[in-house]
Amino acid sequence: MSVLDRVRIETAVQRYDLALDLYGVAGPARRGLRRELRTNLREAAGDGGVRPALAAIGSPEQLARESAEAVSNPTRPAWSQGLAWALVAVFL
């Protein structure tokens, strides 16, 4: 696997992780989900290439939304959302 392919996979995993955080998934669950996605993408890339593997998962954000529905904890504070709103307020 080339360096560019690894960067593509890691970029998708990081987008997925950020979206999971925004949907309120806790750190330990996010680590497990990131590891699972990274492993699945590497295996799929070995079978048919990175581009088809990434196309098969669709949008990392949509995948994160679906994963978050299964594992999210509604009582967890959404620090990322709070920080984003605080930054918007400061800039305004």
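Data block above holds the structure.
Right, let's walk through the structure included here. Keep in mind that what you see is a predicted model, and the values were worked out from it rather than measured.

Conventions adopted
- Throughout this document, residue positions are counted from 1 along each chain, in the order its sequence is written.
- Owing to the predicted nature of the model, reporting of local features is limited to residues with pLDDT of at least 70; listing and counting of side-chain atom pairs is limited to 80 or more, with chain, interface and lining totals taken over all residues.
- Side-chain metrics in this entry use all non-hydrogen atoms of the structure; hydrogen atoms and water are not considered.
- A run of H or I in DSSP counts as a helix once it spans at least four residues, and a run of E counts as a strand once it spans at least two, with each numbered from the N terminus.
- Relative accessibility thresholds used throughout: buried, under 20% of the residue-type maximum; exposed, over 50%; partly exposed, between the two (1.4 Å probe, protein chains only).
- Contacts: residue pairs with any heavy atoms within 4.5 Å of one another.
- Here the accessible surface of atoms and residues is derived via Shrake-Rupley with a 1.4 Å probe, and residues count as covered only by protein chains that are part of the display.
- Note that His is not counted, nor are the chain ends; the positive residues are Lys and Arg, and the negative ones are Asp and Glu.
- Where a charge sits is defined by one atom per residue type, namely NZ (Lys), CZ (Arg), CG (Asp) or CD (Glu).
- The set of buried Ala, Val, Leu, Ile, Met, Phe, Trp, Tyr and Cys residues whose side-chain atoms join them within 4.5 Å is what this entry labels a nonpolar core.
- Orientation is described by lines fitted to C-alpha atoms, with helices fitted over the stretch in contact, and by angles between N-to-C directions that extend from 0 to 180 degrees.
- Orientation labels follow simple angle bins: below 35 degrees gives roughly parallel, above 145 gives roughly antiparallel, 65 to 115 gives roughly perpendicular, and whatever is left gives oblique.
- Crossing handedness follows the turn of the near helix against the far one: under a right angle anticlockwise gives a left-handed crossing, and clockwise gives a right-handed one.
- Residue polarity follows a fixed list, in which Ala, Val, Leu, Ile, Met, Phe, Trp, Tyr, Cys and Pro are nonpolar, Asp, Glu, Lys and Arg are charged, and the others, Gly among them, are polar.

1. Some points on the overall build of the chain
Argument step 1. Helix and strand content of the chain: five helices and zero strands.
Argument step 2. Moving toward the C terminus, one meets the helices and strands of the chain in the order α-α-α-α-α.
Argument step 3. Taken along the three principal axes of its C-alpha coordinates, the chain extends 45 × 30 × 20 Å.
Argument step 4. Relative to its 92 residues, the chain shows a buried fraction of 26%.
Argument step 5. Looking at the chain alone, contacts between residues at least 24 apart form 74% of all its contacts between residues at least 6 apart.
Argument step 6. For the chain, the accessible surface area stands at approximately 6,100 Å², while carbon and sulfur atoms represent 60% of it.
Argument step 7. In the chain, 12 positive and 10 negative side-chain charges are present, and the distance between their average locations comes to 5 Å.

2. Looking at the nonpolar core
Argument step 1. By size, the foremost hydrophobic cluster in this structure holds 15 residues, and its most contacted members are Ile9, Tyr16, Leu20 and Leu41.
Argument step 2. Those elements giving two or more residues to this core turn out to be α1 (3-22), α2 (27-48), α3 (50-57) and α4 (60-71).
Argument step 3. For this core, the element with the highest residue contribution is α1, accounting for six residues.
Argument step 4. Sequence-distant contacts of Leu41, that is, excluding residues within four places in its chain, are made with Ile9, Ala12, Val13, Ala53, Leu54 and Ile57.

3. As for the packing of α1 against α2
The axes of two packed helices give the description: the angle between them and the distance between them.
Argument step 1. Packing of α1 against α2 brings their axes to within 10 Å, and their N-to-C directions diverge by 155°. Judged by the inter-axis angle, α1 sits roughly antiparallel to α2. For the pair α1 and α2, the sense of crossing is right-handed. Contacts from Ile9, Glu10, Ala12, Val13, Gln14, Tyr16, Asp17, Leu20 and Asp21 of α1 reach α2 at Arg30, Leu33, Arg34, Leu37, Arg38, Leu41, Arg42 and Ala45.
Argument step 2. Of the residues belonging to the contact of α1 with α2, the class tally is nine nonpolar, one polar and seven charged.

4. Thoughts on the environment of Asp47
Argument step 1. Looking at the secondary structure, you find Asp47 in helix α2.
Argument step 2. Along the sequence, Asp47 and Val13 sit 34 residues apart, while their C-alpha atoms lie 19 Å from each other.

None of this, on its own, says anything about what the molecule does.
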